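Spelled out, the chains give:
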Amino acid sequence: MAYKAIVIGSSAGGLIALKTIILGLRKDFMLPIIIVQHISPHSDSFMARYFNQISPLHVKEADEREPVRSGHVYLAPPNFHLLVEEDQTLSLSVEEKVNFSRPSIDILFETASYVWGKHLIGIILTGANNDGASGLEKIARAGGLAIIQSPESAEVPIMPMSAMDHCPTALILPLNDIPDYLNKINQ
Amino acid sequence: MIQNDEHDQNKANLTQNIEIELFIEAIFRCHGYDFRNYNKAHIKRRLLFRLSALGLKSISELQHKVLHEADFFDIVLKDLSINVTEMYRDPSFYAGLRKEVVPLLKTYPFIKIWHAGCATGEEVYSFAILLKEEGLYDRAQIYATDFNPLVLETAKKGIYPINRIKEYTSNYQMAGGLNSFSDYYFARYDAVIFNQDLKKNIVFAEHNLATDSVFAEVNLIICRNVLIYFNKELQNKVIRLFTDSLTKGGFLGLGSKENLMFTEMVDQYVVIDAKEKIYKKKVSDNKYGL
Ligand SMILES: C[S@@+](CC[C@H](N)C(=O)[O-])C[C@H]1O[C@@H](n2cnc3c(N)ncnc32)[C@H](O)[C@@H]1O
């Protein structure tokens, strides 16, 4: 398979967008998915629990030093940055916010790109800031596949538009087409 | 064309990884700081950030600087040690200590406490206030250590920017604070200065968890958001150091995403509060640890 992992960044409106994607994936979807959803630092881990209940995939909040496994979906814990290590494990950091965000999409995308290079898919979804734009650009430059939710299909189009500015070669897809696109890649 | 570009990118990435290993070796041999068992992704980000801030092209150039320029290592150490902290980070952790650990500490005539990786000291003052309110401060000896001497200077002063005090006050209340938070500091211009008497029993000292050894026998160790930067091997080594430093029945408090259960020393402890990551070193080897 050409691709080894998927990273997703989403912000305002992300809960519904992520739900559309996660529920739209085949139940034997193999590629590991790692997600940064901007979320209040004080929130608990309800999102991972919720997605895990409604999806056949294993959805969980990422633990430090956890190996990335196929068939699993990992969410960054509130108030921690999520990074990918060279040995394909996950690590956490409490360093300063990046783009006013912790977790930051840029940090996840950048470190994932170092590890998977052209075997990585990066997806930017709905949001009201510009986190993830430069990370997505890095993924594309390393030969990975950059996908952006079309601004028209986004609850808040600012993040997709900012990613399009940074990464003009990215594939623009309406939200509802993204899961099928990924399902085809997974075959 | 695009193919070549990709190829170059991936090759540059591999070269960078080699350079980072050499860089880490260089600072260990030249400055004694051992980052060899730290998570690399975060180190790489930090070094690349420094690289672009200085307008340099390769990590080898950084290595040259760190070997030949006397002051440059201070900057590198600052880059590599994430010193971000706050007062009563995770208020429920402090509430947990108050409820589950303090009652036992009260049964001792004298207690020793170690904050490992205390950064600029906010965590230390937070807990010192709690000890005061519980009537434990006067019989406590507090060690607050970090491997970065610059943050310890700030910690010793106990002066912090005033703009975060609102957040800290609400954290203090959620942590079960008994008084008015403003009793413990006075405001001056854009800073707050914590009361001198909070410092009386605190010793701030340099200590490197990766390379230094046991320096005291203590009843409670608080080490939060430090182990997340270490690989498994170093995590195990540090937990061993903690186990050797704790009295029988002594307590260990870790960060909210750190877990003793994944380390080699798990058998030596009982879980006091799984969510708040509070553990107790067993008193004896029987299966109840009592
Ligand atoms: C993110 S801060 C945590 C501060 C505080 N404990 C908290 O949770 O808010 C991590 C601290 O660990 C320190 N540190 C990192 N490696 C260390 C080592 N090997 N020995 C001692 N301190 C270390 C850093 O200098 C930094 O101040």
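Because the structure is predicted, anything quoted here is derived from the model rather than measured.

**Q** When you look at the overall build of chain B in this model, what are you seeing that I'm missing?
**A** Summing up its helical and strand segments, chain B has ten helices and ten strands in all. Rg of the C-alpha trace for chain B: 21 Å, near the compact-globule value of 19 Å for 290 residues, within the 12% margin. In chain B, 75% of the contacts between residues at least 6 apart in sequence involve partners at least 24 apart. Roughly 13300 Å² of accessible area belongs to chain B as shown, and the carbon and sulfur atoms make up 53% of that amount.

**Q** Just checking my understanding: could you explain the site of the ligand for this structure?
**A** The environment of the ligand is formed by 22 residues, the closest being Tyr38(B), Thr85(B), Glu123(B), Asp146(B) and Asn208(B). Surrounding the ligand is a set of residues that belongs to chains A and B. A distance of 2.6 Å separates an oxygen atom of the ligand from a polar side-chain atom of Asp146(B). Here an oxygen atom of the ligand sits 2.9 Å away from a polar atom, N or O, in the side chain of Asn225(B). Protein burial of the ligand: of its 610 Å² of free accessible surface, 98% is covered by the chains. Split into classes, the residues belonging to the shell around the ligand amount to ten nonpolar, eight polar and four charged.

**Q** Looking at this model, I keep getting lost on the interface of chain A and chain B. Mind explaining?
**A** By a frequent convention, interface size equals the accessible area lost on bringing the separate parts together. Residue-level contacts link 28 residues of chain A with 27 residues of chain B. Summed over both sides, the interface of chain A with chain B buries roughly 2400 Å², with 50% coming from carbon and sulfur. Taken as a group, Glu64(A), Val94(A) and Tyr114(A) account for 25% of the area that chain A buries against chain B, more than any other trio of residues on that side. The tally of links between chain A and chain B comes to six salt bridges. Arg45(B) is the salt-bridge partner of Glu95(A), the closest N and O atoms lying 2.8 Å from each other. With four residues, helix 3 (residues 105-116) of chain A is the single largest residue contributor to the side of chain A that touches chain B.

**Q** What exactly am I supposed to notice about the domain arrangement of chain B here?
**A** All names here are of chain B. Taken as a whole, chain B is organised into domain 1 (2-80) and domain 2 (91-281). Averaged C-alpha coordinates put domain 1 and domain 2 at centres separated by 32 Å. Opposite the nine residues of domain 1 that make contact, domain 2 presents 13 residues. When the buried surface of domain 1 facing domain 2 is broken down by residue, Tyr33, Asn37 and Tyr38 rank first, second and third, together holding 49% of it. Across the contact surface, domain 1 and domain 2 share four residue pairs in polar contact (both at pLDDT 80 or more). When its residues are assigned to classes, the side of domain 1 that touches domain 2 shows four nonpolar, three polar and two charged.

**Q** So what exactly am I meant to see when it comes to the confidence of the model for chain B here?
**A** Atom-level detail of predicted coordinates should not be read off regions where pLDDT is low. Here chain B averages 94 in pLDDT, and 96% of its residues register 70 or above. Across the predicted assembly, pTM comes out at 0.95 and ipTM at 0.93.

**Q** Please clarify how the packing of aromatic side chains should be interpreted in this entry.
**A** Geometry of an aromatic ring pair is reported as the spacing of the ring centres plus the angle between the planes. Residues and elements named next belong to chain B. For the structure on display, the rule yields 22 aromatic pairs over all chains. Between tyrosine 88 and phenylalanine 181 the ring centres are 6.2 Å apart and the planes differ by 70°, which places this aromatic pair in the edge-to-face class. Note that tyrosine 88 is positioned in the loop between helix 4 (72-80) and helix 5 (91-100) and phenylalanine 181 in the loop between helix 9 (165-174) and strand 4 (185-188), a separation of 93 residues in sequence. When sorted by exposure, tyrosine 88 lands in the same class as phenylalanine 181, which is buried. Summarising the aromatic geometry, the rings of tyrosine 125 and phenylalanine 204 are spaced 6.3 Å apart at their centres and angled 40° between planes, so their arrangement reads as tilted. Of the two residues, tyrosine 125 is situated in helix 7 (residues 122-133) and phenylalanine 204 in strand 6 (residues 202-206); the sequence distance between them amounts to 79 residues. For the pair shown, tyrosine 125 and phenylalanine 204 are each scored as buried.

**Q** Looking at this model, I keep getting lost on the packing of helix 5 of chain B against helix 7 of chain B. Mind explaining?
**A** For any two helices packed against each other, the geometry comes down to the angle between their axes and how far apart the axes lie. Residues and elements named next belong to chain B. Where helix 5 meets helix 7, the axes come as close as 11 Å, and the angle between the chain directions of the two elements is 35°. Two packed elements cross with a definite hand, and for helix 5 against helix 7 that hand is right-handed. On helix 7, the residues that touch Tyr94, Leu97 and Arg98 of helix 5 are Glu123, Ser126, Phe127, Leu130 and Glu133. For the contact of helix 5 with helix 7, the per-class residue count stands at four nonpolar, one polar and three charged.

The rules behind these values
Residues numbered from 1 in each chain as written. Chains lettered and ligands numbered in written order. Predicted model: local features only at pLDDT ≥ 70, side-chain atom pairs only at ≥ 80, totals over all residues. Heavy atoms only, no water. Helix = DSSP H or I, 4+ residues; strand = E, 2+ residues; numbered from the N terminus. Rg over C-alpha atoms; globule rule 2.2 N^0.38 Å. Contact = heavy atoms within 4.5 Å. Areas by Shrake-Rupley, 256 points an atom, 1.4 Å probe, with all protein chains shown as cover. Near = heavy atom within 4 Å. Polar contact = N/O pair within 3.5 Å; in protein donor to acceptor, adjacent residues only side chain to side chain. Nonpolar A, V, L, I, M, F, W, Y, C, P; charged D, E, K, R; others polar. Buried area = accessible area lost by both parts, 1.4 Å probe. Salt bridge = Lys/Arg side-chain N within 4 Å of Asp/Glu carboxyl O. Domains from an automatic or database assignment. pLDDT = per-residue confidence, 0-100. Phe/Tyr/Trp six-rings, centres within 6.5 Å; stacked < 30°, edge-to-face > 60°. Buried < 20%, exposed > 50% of the residue type's maximum accessible area, 1.4 Å probe, protein only. Axes fitted to C-alpha atoms, helices over the stretch in contact; angles between N-to-C directions. Left-handed = near helix turned anticlockwise from the far one by under 90°.

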